Amino acid sequence: MFDNFTDLFSAPLTINWTLSFRCNFSCSHCYSRDEQVAELETADVKKIIDILVAKKIPFINFGGGEPLIREDLFVIAAYATAQGLNVSMNSNGSLLDESAATRLLKSGFKSVGISIDSADPALHDDFRNMPGSFEKAVAALRVLQNVGLKRTMSSVISRINFQHFHELLDLARRYEVAQVYLHNFKCSGRGFKNREDLDLTPAEWKTFYVEALRVKQQTHDLAISFDDPVISSLPGYDTDPLVNGSSCGKLSLNLRPNGDLTPCGFIPLTVGNILHDDFDEIWYNSPVLNQMRNKRAGGKCLDCGSYEACQGGCTARSYAVTGDFNQPDPHCWK
Amino acid sequence: MDYFTQRPLRNSDIVWRREQRKEERVLRALEEGEAVDEQGTVLLVVSGTMHQLNLVGGMIWCLCDGTRTVDEITAQLADEFSVSRDELESDVREFFDELQQRGWLSYV
Ligand code: SF4
């Protein structure tokens, strides 16, 4: 009698929130760099936070764009944390000096993630189209450490780094980062346009993940995370007893600068606007969200023994490449 | 200190949510005689990993705010489920022991 995802989950646990698509960088893989959307005033942002509190959604992660471009970021975060929300963000680190770090701490941020794509400074700068960006990113890690804020590091795995991810882990150790997120490459925005140059082949993804899972199991001084359902068939993968497949539209939703909700940042389908539509109506009844939660095996997934845990892999990638949620993840090597 | 006079307190690093809609449905199912032991009603996020507690576990968890003694919590549950305290005591103790072992709970 309790077969639906929403029988247990009355709301997502995390809102990934882009307050602004503005950014001072122009990275090759960015899903959002070419987006332009009206931004909300601080008062409306606070109204959204009130909705998240009422819906008991405990986590907000600010992404972007570069979150620090919004001067009211500290006020917004302080408003959310005062009401018990757990706030974190991802930044390119370029605007994060000692004073910004102190303000982040005071506004209650639980952790701050810095994006670093290569341990080789020249390669990182080139990928991010910004000379000096590596030095700024590691300087940001240092100032965050100085003020005592928990640091994480995010690296999007692509052709430039998949054979050198050990070096990224060593870099994280040098800066005493708590957790490294090895994000899987998404074919959205510039990531889609530059897919040929940046994305790995399915066989390369398999090789990468076999090694990354092995390293994760043997690493005890650093938390390594990669949230990619397509690895469900590999040894060493911990299945989640509560949620199979992509977590988008289930454990998390994505908020755009104008209050539009999408299942995740990589699926350009608006399911409603949080300021204008009833949240419960969206959460329980959105056809898009319900399709994502109740996928049906398509193509080679039909005969795959891993389908229950994998659910066809990353729904955003399937949708970007085939226009169909139910097609197999294009990264799948099976 | 006597176990029954200790006040259990949830680990404040654990983020949790009582799923009231589910709880109401599980209570109705229980009244209709269905097995609901496996049904979660409280979600916990512990160091990034999700867990769920069933109806009884979830109710106990919600009461562990450091103001109530084990004795009071057990009495409240006995009242809620119309069973005797004796029937509950060992289960409640087992539950507290497990949570304490996991570091999810301490006594104040
Ligand atoms: S065939 Fe489908 S279900 Fe199987 S591993 Fe690939 S994407 Fe996942």
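Residues numbered from 1 in each chain as written. Chains lettered and ligands numbered in written order. Predicted model: local features only at pLDDT ≥ 70, side-chain atom pairs only at ≥ 80, totals over all residues. Heavy atoms only, no water.

Draft legend 1. Focus on the pattern of salt bridges. All names here are of chain A. Following the criterion strictly, the structure yields 18 salt bridges over all chains and no others. For the salt bridge of Asp117 with Arg128, the shortest nitrogen-to-oxygen distance reads 2.6 Å. Within this pair, whereas Asp117 is found in the loop between strand S4 (111-115) and helix H5 (121-127), its partner Arg128 is found in the loop between H5 and helix H6 (133-147), the two being separated by eleven residues in sequence. The class of Asp117 is buried, set by a relative accessible area of 0%. (Salt bridge = Lys/Arg side-chain N within 4 Å of Asp/Glu carboxyl O. Helix = DSSP H or I, 4+ residues; strand = E, 2+ residues; numbered from the N terminus. Buried < 20%, exposed > 50% of the residue type's maximum accessible area, 1.4 Å probe, protein only.)

Draft legend 2. Here's a closer look at the pairing of strand S3 (residues 40-46) of chain B. All names here are of chain B. The buried count for S3 comes to seven of seven residues, which makes it a mostly enclosed element. Across four bridges, the pairing between strand S2 (residues 15-18) and S3 is antiparallel. If you follow Arg17 over to S3, its bridge partner there is Leu43. The pairing of S3 with strand S4 (residues 49-54) spans six bridges and is classified as antiparallel. (Pairing = 2+ DSSP bridges.)

Draft legend 3. Highlighting the interface of chain A and chain B. On the chain B side, the residues contacting the 21 residues of chain A number 19 residues. In this assembly, chain A packs against chain B so that about 1,700 Å² is buried in total across both faces, 63% of it on carbon and sulfur atoms. Our count for the contact surface shared by chain A and chain B stands at one salt bridge. Arg25 of chain B serves as the salt-bridge partner of Asp7 of chain A, at 2.9 Å between the closest nitrogen and oxygen. (Contact = heavy atoms within 4.5 Å. Buried area = accessible area lost by both parts, 1.4 Å probe.)

Function cannot be read off these values alone, since they describe shape.
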